[in-house]
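Below are the chains, spelled out letter by letter.
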Amino acid sequence: MSRLFVTGGTGALGVPAIAHLLRAGHRVVALATGAASAAKLRAVGAEPVAGPVFDPAAMAAAVRGADAILHLATRIAPPASARRRSAWYANDRLRRDGTRVLVDAALHTGVSTVVYPSFAPVYADGGSRWLSYGDPVAPTDILQSTLDAEREVDRFTAAGGRGVVLRMAGVYGRHSPATRDVLALAGKGFSGFAGPAGAYQPLVWDEDVAAALLAAVETRGLSGGYDVADDRPLTRAELAVALAEVAGRRSVRRPPTWLVRAATGRRMSFLLRSQRVSNRRFREATGWAPAIPDAATGLRSLRRSGERV
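Residues numbered from 1 in each chain as written. Predicted model: local features only at pLDDT ≥ 70, side-chain atom pairs only at ≥ 80, totals over all residues. Heavy atoms only, no water.

1. Overview of the packing of aromatic side chains
So, step 1. Per the counting criterion, the structure on display carries 4 aromatic pairs.
So, step 2. Considering the side-chain rings of Phe119 and Phe270, the 6.0 Å spacing of their centres and the 85° angle between planes classify their relative orientation as edge-to-face. Note that Phe119 is positioned in strand S5 (residues 113-119) and Phe270 in the loop between helix H9 (257-264) and strand S13 (276-277), a separation of 151 residues in sequence.
So, step 3. According to the relative accessible area criterion, Phe270 is buried, its value standing at 7%.
So, step 4. Their ring planes at 55° and their centres at 5.5 Å tell us that Phe282 and Trp288 sit as a pair that is tilted. When sorted by exposure, Phe282 lands in the same class as Trp288, which is buried.
So, step 5. The rings of Tyr226, Phe282 and Trp288 are connected pair by pair, giving a single aromatic cluster.
So, step 6. Over the ring of Phe54 we find Arg93, and its NZ or CZ is 3.7 Å from the ring centre. (Phe/Tyr/Trp six-rings, centres within 6.5 Å; stacked < 30°, edge-to-face > 60°. Helix = DSSP H or I, 4+ residues; strand = E, 2+ residues; numbered from the N terminus. Buried < 20%, exposed > 50% of the residue type's maximum accessible area, 1.4 Å probe, protein only. Lys NZ or Arg CZ within 6 Å of the ring centre and 35° of its normal.)

2. Quick notes on the nonpolar core
So, step 1. Counting residues in each nonpolar core, the largest one holds 39 residues, and the members touching the most others are Val6, Leu70, Val115, Leu166, Leu213, Val228 and Phe282.
So, step 2. Listing elements by their share of this core, those giving two or more residues are strand S1 (3-7), helix H1 (14-23), strand S2 (27-32), helix H2 (35-44), strand S4 (68-71), strand S7 (162-168), helix H7 (206-218) and strand S11 (224-228).
So, step 3. Top element by residues in this core is H7. It accounts for 8 residues.
So, step 4. Filtering out sequence-adjacent residues up to four positions away, Leu166 remains in contact with Val115, Tyr116, Pro117, Ser118, Ala212, Leu213, Ala216, Tyr226, Val228 and Phe282.
So, step 5. If you look at the next biggest cluster of nonpolar residues, it comprises 24 residues, including Leu31, Ala62, Ala73 and Val103. (Core = buried A, V, L, I, M, F, W, Y, C linked by side-chain atoms within 4.5 Å. Contact = heavy atoms within 4.5 Å.)

3. Focus on the pairing of strand S3 (residues 47-50)
So, step 1. Relative to S3, S2 runs parallel, the two being bridged by 4 bridges. In the sheet register, Ala30 faces S3, and the bridge partner there is Pro48.
So, step 2. Of the crossover connections in this fold, the one passing from S2 over H2 to the parallel S3 is right-handed. (Pairing = 2+ DSSP bridges. Right-handed = clockwise from strand over helix to strand, strands pointing away.)

4. Some points on the sheet that holds S11
So, step 1. Here 7 strands make up an open sheet; going across it, the order is S3-S2-S1-S4-S5-S7-S11 and the pairing parallel. The sheet terminates laterally at S3 and S11, the two strands that pair on one side only. Going from strand to strand, the sheet's axes swing by 25° on average, the running direction of each strand aside. (Axes fitted to C-alpha atoms, helices over the stretch in contact; angles between N-to-C directions.)

5. A short note on H7
So, step 1. Here H7 spans 19 Å end to end across 13 residues, near enough to the 18 Å set by a 1.5 Å rise per residue.
So, step 2. For H7, a buried count of 10 out of 13 residues is recorded, marking the element as mostly surrounded by other parts of the structure.
So, step 3. Looking at H7, one finds that the buried residues are Asp206, Asp208, Val209, Ala210, Ala212, Leu213, Leu214, Ala215, Ala216 and Val217. (Expected span 1.5 Å × (residues − 1).)

6. Some words on the packing of helix H6 (residues 177-187) against helix H8 (residues 236-247)
Packed helices, taken two at a time, are described by their axes: the angle between them and the distance between them.
So, step 1. For the pair H6 and H8, interaxial distance at closest approach is 9 Å and the crossing angle is 75°. Taken as axis vectors, H6 and H8 run roughly perpendicular relative to one another. Each of Val182, Leu183, Ala186 and Gly187 in H6 lies in contact with H8, whose residues at this interface are Leu243, Val246 and Ala247. (Parallel < 35°, antiparallel > 145°, perpendicular 65-115°, else oblique.)

7. So, the pairing of S7
Both faces of the sheet carry side chains from a regular strand, because those side chains alternate between them.
So, step 1. Burial runs high along S7: 7 of the 7 residues are buried.
So, step 2. Sheet topology places S5 next to S7; 7 bridges connect them, and they run parallel. Bridging from a neighbouring strand, Tyr116 pairs with Val165 of S7.
So, step 3. Where S7 and S11 come together, 5 bridges link them in parallel fashion.

8. So, the environment of Arg267
So, step 1. As for its position among the elements, Arg267 is in the loop between H9 and S13.
So, step 2. Among the polar contacts made by the side chain of Arg267, one reaches the side chain of Asp141 at a distance of 2.7 Å. (Polar contact = N/O pair within 3.5 Å; in protein donor to acceptor, adjacent residues only side chain to side chain.)

9. Details of the pattern of salt bridges
Pairs may arise between side chains of opposite charge once their charged atoms sit close together.
So, step 1. Taken as a whole and judged by the stated rule, the model has 16 salt bridges.
So, step 2. The salt bridge partner of Asp97 is Arg96, with a shortest N-O separation of 3.3 Å.
So, step 3. According to the relative accessible area criterion, Asp97 is buried, its value standing at 18%.
So, step 4. Judged by its relative accessible area of 33%, Arg96 is partly exposed.
So, step 5. Where Glu284 meets Arg280, a salt bridge forms, and the shortest distance between an N and an O atom there is 3.3 Å. (Salt bridge = Lys/Arg side-chain N within 4 Å of Asp/Glu carboxyl O.)

10. A look at the side chain of His26
So, step 1. The topology assignment puts His26 in the loop between H1 and S2.
So, step 2. From its side chain, His26 meets the backbone nitrogen of Ser2 in a polar contact 3.4 Å long.

Below, the structure written as C-alpha cells:
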C-alpha cells in the first residue's frame, strides 16, 4: 500500500480517481479547500488535509511521507465567461504555480513520484494524422499554463524524481458536468462539438482516466510524457450521429465553424482543431487499456444507465 497525496479530489477527475486508488488498496490523503470538501473526501474514504496549495510550508507538511503526488486540481472557466482572459487566471495559477509549489515540496520531502494530467488539445491541428507526445503543440494563451506545469514535472524528473505527464483528451462521462450539458443540448437538437465535419475530437471516458492515473502510479520506472485518449477518436460528424442516437432524434445540428470561431475568439480556437490523439505509447508502457473504446460507446452507455437527455 502506498500513501498518495491528491489535489482536486472532489472534482470531475478527482472523484473517480480517488475511488480507483482506494479500491487498489492505496491510502489517499487529499487536499481539502474547506469544510464541505473535507466532508466529501471523508465520505469516500480519503483523509482530508487543509492548506492552500500555493503555501510552500503547508504543502511540504501535507506531502511529507507520501509516495506520490497527483495534482488533479483545475478551475475551468464556465462557458459564459470563457472568452474573457481574466476568467482563466485561477486555473492558470493552479496549473503553473500550484505545480511548482508541489514539485518543490516533493523535492524537499523526498516524495518519489509526481503525476500531472495535462491537456491533449495543446497539439497543433493534425488533420487525419495520429498525434502523440513530442508532436508540435500550438497552445493558445489559456493553454500555456499547462505546458508550464509540464515543465515543472520535467524539472522534478531532472532532479532525480519520477515525473509523469499524462496529456488527457477531453474527459467525458458520468462524473462530468460538461457531459450533462452536451446531452442536454443534444436533446434540443444540437451537437456540443464544433469544428469541420471530418475533424477529429480527442475524448476519453472519465473512469478510464482514473484507471490511467492508477497505472501511472503503479507502473515501476514510468516517467516522461504520454497521451491518454479513447482507442478510436471520432470526427465531429461521427459524434453528431452518436448524439442523435442517444437523444432519440433523427439528427442533431453541428454549429457552423465560422460562427463558433467568431463567438469564442482566438483563445478557444483549439476547440475547432482536428486532433487524432493516440494512446499507443501509454498502453505499451503500462498495460492500461480503455474500457470504453470510443465516445459513441460511452454515450450509449450513459443512455442505458438512465442519464438525462
